[in-house]
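Summary of the model geometry
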Amino acid sequence: MRRTRWTCAVAAALAATAVLGTGGTAHANSSWTAQARQAGLTASEATALQKRVDSYLPAMRDSYQSGPNTIGFPGGQITVAVPGERHARDLRTTPGPLAAMNCNYGNFCATMDGNATQWDFYYCQYYDVASGSPTLAGPGAWINNQTHSRRVRMYGSGGSTDPIYTTPNAFYQDPSANWGPVYGLRTCVAAA
């Protein structure tokens, strides 16, 4: 009997994959949209938010949708702002709009699109922020909230090993950053 149930479950999963064509993407999108609705978004807001998240995913290597408005990537997360809100917030953990950019302790955080898209960098490593989508480009802001007064080095184009800017020791922020010349970031640089 167990073997029959297992066989039926596998057949159902294969049938669902064949119908969806992408291994469950349509179901996953409806699940994220349903979670956005549960967080208080209207149907049109939830749909618009999902379309924006979907537009970022194809070009981002090793990325995946991790919540109704979040995209995980190796070493961090991108949070897309809810339609009509000025600052990005994770719908799973923050019940209402934020008055200012939020950056958890231990992270380096960057925004663009007038703070509508926020990148949170968790790990001590080099990040390429000029390829893929979304890239850090144009006006934005950043908060260095890493541990132990760490700094971040920002690098320009051409694989230069010389930083174009090094942040002051944490905690520090720049509410009017220009991401135009920045192609890479190295987090967890020892304090000066």
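The paragraphs below set out a description of the structure included in this document. None of the values given here were measured: they were computed from a predicted structure.

Calculation rules
Residues numbered from 1 in each chain as written. Predicted model: local features only at pLDDT ≥ 70, side-chain atom pairs only at ≥ 80, totals over all residues. Heavy atoms only, no water. Pairing = 2+ DSSP bridges. Helix = DSSP H or I, 4+ residues; strand = E, 2+ residues; numbered from the N terminus. Axes fitted to C-alpha atoms, helices over the stretch in contact; angles between N-to-C directions. Contact = heavy atoms within 4.5 Å. Salt bridge = Lys/Arg side-chain N within 4 Å of Asp/Glu carboxyl O. Buried < 20%, exposed > 50% of the residue type's maximum accessible area, 1.4 Å probe, protein only.

So, about the sheet that holds strand 8 (residues 151-155). Strand order in the open sheet formed by four strands is 6-11-8-9, and the pairing between neighbours is antiparallel. The sheet is open, and its two borders are formed by strand 6 (126-128) and strand 9 (163-166), each paired with just one other strand. Mean inter-strand twist for the sheet, computed between neighbouring axes without regard to direction, equals 20°.

A sheet is described by the order of its strands in space; here seven strands give the open sequence 1-2-3-5-4-7-10, paired in antiparallel fashion. Only two strands of the sheet have a single partner each, and these edge strands are strand 1 (64-67) and strand 10 (172-178). If you compare each strand with its neighbour and ignore which way they point, the axes differ by 20° on average. Note that strand 3 (residues 76-80) and strand 5 (residues 117-121) share five bridges and pair antiparallel. Opposite Val80, over in strand 5, you have Thr117 as the bridge partner. Sheet strands in contact with helix 3 (residues 43-56) are strand 1, strand 2 (70-73), strand 3 and strand 5, and its direction is about 140° off that of strand 3.

The next point concerns the pattern of salt bridges. Summed over all chains, the structure comprises two salt bridges. Glu85 is the salt-bridge partner of Arg89, the closest N and O atoms lying 2.8 Å from each other. We classify Arg89 as buried; its relative accessible area is 5%. Of the charged contacts, one joins Arg92 and Asp90 as a salt bridge, the two residues approaching to 2.7 Å between their closest N and O atoms.

None of the figures reported here should be taken as evidence of function without further support.
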